[in-house]
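Residue strings, one per chain:
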Amino acid sequence: MSLPILMLDQHVLNPRVGYVFHRRWVQPYESVVCMLWKFARTNRLAGYFLGKQLRANPVDPYLGLAPGDIEIPIVARLLGVTQRSVREGMDAAALDGCRFLRYCPRCMSLGYHTVVHQRERHDRCPIHREPLLAACRHCGEASAYRLDAQLLDAPFRCRQCRRYYGSNAPPPLQCTALTRERRIAVTRAAIG
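Within any chain, residue numbers begin from 1 and follow the written order of that chain's sequence. The model is predicted, so local features are restricted to residues of pLDDT at least 70 and side-chain atom pairs to those at 80 or more, both for listing and for counting; the totals for chains, interfaces and linings are taken over all residues. Calculation of side-chain values draws on the structure's entire complement of heavy atoms; hydrogens and water are dropped beforehand.

Chemist: Quick question: what am I supposed to make of the packing of helix α3 (residues 72–79) against helix α4 (residues 83–90) here?
Modeler: Any two packed helices are characterised by how steeply their axes cross, that is the angle between the axes, and by the distance between the axes. Close contact between α3 and α4 brings their axes to 8 Å; oriented N to C, the two are set at 115°. By crossing handedness, the relation of α3 to α4 is classed as right-handed. Seen from α3, the contacting residues are I72, P73, V75 and A76; seen from α4, they are Q83, V86, R87 and M90. Here the contact of α3 with α4 is composed, by residue class, of 6 nonpolar, 1 polar and 1 charged. Here an angle of 0 to 180 degrees is reported between the N-to-C directions of two axes, which are lines fitted to C-alpha atoms, with helices fitted over the stretch in contact. Runs of H or I in DSSP of at least four residues are treated as helices and runs of E of at least two as strands, each being numbered from the N terminus. Handedness of a helix crossing follows the sense of rotation of the near helix relative to the far helix, less than a right angle counterclockwise being left-handed and clockwise being right-handed. Contact definition: two residues touch when any of their heavy atoms are within 4.5 Å. Three categories are distinguished: nonpolar for Ala, Val, Leu, Ile, Met, Phe, Trp, Tyr, Cys and Pro, charged for Asp, Glu, Lys and Arg, and polar for the others, with Gly belonging to the last.

Quick look at the structure:
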């Protein structure tokens, strides 16, 4: 008889043994969706369980929440990151946010999605200077930019066809740090 590696409380994501996530995996202006994807991917968590942990009050994980509706202290504690990182990842101040997930395929291949991609005023990725996409290149479907079980259950992939948004699966999280030039480009676009 073998014991499970990770035992979870049925109502609260509370690992008794522990979970893996490091602050250094969070890049500048990384979207909260990307942070949660990294957390789910690393710990092999179902989007259903993760979706229930974004607020103190019960949330239907299948209906989900807009990124601006999460409770910052709860998500920061869950991920072990600063509240500032989560706040920047929500981009609640941006009034021109797209209601569909917009992405750069090259960034997704790096395991990165920034709140800058969600701003309607940007039509190109600040890092790669390529056009941002709002629909899957494989099935043509657009994903609502909501933190629901279906989106959280498909890290860096289309919620409908499950194919990666990038040209391949993102690398292991230990290898995803942005270069200095890329951090500068994203910061300028975010502040700009």
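So much for the structure itself; the text now carries on.
Chemist: It is not clear to me how the state of the cysteines should be interpreted in this structure. Could you clarify?
Modeler: Cysteine pairs can be linked by a disulfide, which is a covalent bond between their two sulfur atoms. What counts as a disulfide here is a pair of cysteine sulfur atoms lying within 2.5 Å. Throughout the structure, instances matching the rule amount to 0 disulfides. Here C125 is not cross-linked by a disulfide; its sulfur's nearest cysteine counterpart is in C107, at 3.5 Å. Accessible area is worked out with a 1.4 Å probe on protein chains only. A residue is then buried under 20% of its type maximum, exposed over 50%, and partly exposed in between. Its relative accessible area of 0% is what places C125 among the buried residues. Summary of cysteine pairing: C136 is not part of a disulfide, and the nearest cysteine sulfur, belonging to C161, is at 3.6 Å.

Chemist: Looking at this structure, how should I read the nonpolar core?
Modeler: The nonpolar side chains of soluble globular proteins are, as a tendency, buried together. We define a nonpolar core as any set of buried Ala, Val, Leu, Ile, Met, Phe, Trp, Tyr and Cys residues linked to one another through side-chain atoms lying within 4.5 Å. The biggest cluster of nonpolar side chains holds 36 residues, and the ones touching the most others in it are L36, I70 and V86. A per-element tally of this core places helix α1 (residues 32–43) first, with 8 residues. Excluding its chain neighbours within four sequence positions, the residues that come into contact with I70 are V32, L54, R55, L65, V75, V86, M90 and L147. Among the nonpolar cores identified, the runner-up in size contains 13 residues, and C104, Y112, C125 and A190 belong to it.

Chemist: I'm lost on the packing of aromatic side chains in this one. Help?
Modeler: The geometry of an aromatic ring pair is captured by two quantities: the separation of the ring centres and the angle between the planes. The pairing test for Phe, Tyr and Trp rings, Trp by its six-membered ring, is centres within 6.5 Å, and the orientation test on the planes gives stacked under 30 degrees, edge-to-face over 60, and tilted for anything in between. Scanning all chains against the criterion turns up 6 aromatic pairs. Measuring from ring centre to ring centre gives 5.9 Å for F21 and F39, while their planes differ by 65°; the resulting arrangement is edge-to-face. Linking F21 in the segment before α1 with F39 in helix α1, this pair joins segments that are 18 residues apart in sequence. Residue class for F21 comes out buried when judged on its relative accessible area of 11%.

Chemist: Mind showing me how you'd approach the pattern of salt bridges here?
Modeler: For this analysis, a salt bridge means a side-chain nitrogen from Lys or Arg found within 4 Å of a carboxyl oxygen belonging to Asp or Glu. In this structure the tally under the stated criterion is 6 salt bridges. Close ionic contact of E88 with R84 constitutes a salt bridge, the shortest N to O distance being 3.0 Å. Of this pair, E88 and R84 both sit in helix α4, separated by 4 residues, roughly a single helical turn. What makes E88 partly exposed here is its relative accessible area of 24%. On the accessibility criterion, R84 (58% relative accessible area) is exposed. For R159, the salt bridge is made with D148, and the minimal N-O distance between the two is 2.8 Å. Taken together, the residues span a long stretch of sequence, with R159 in the loop between α6 (149–152) and α7 (180–191) and D148 in the loop between α5 (105–109) and α6 at a distance of 11 residues. Here the two residues R159 and D148 agree in accessibility, since each one is buried.

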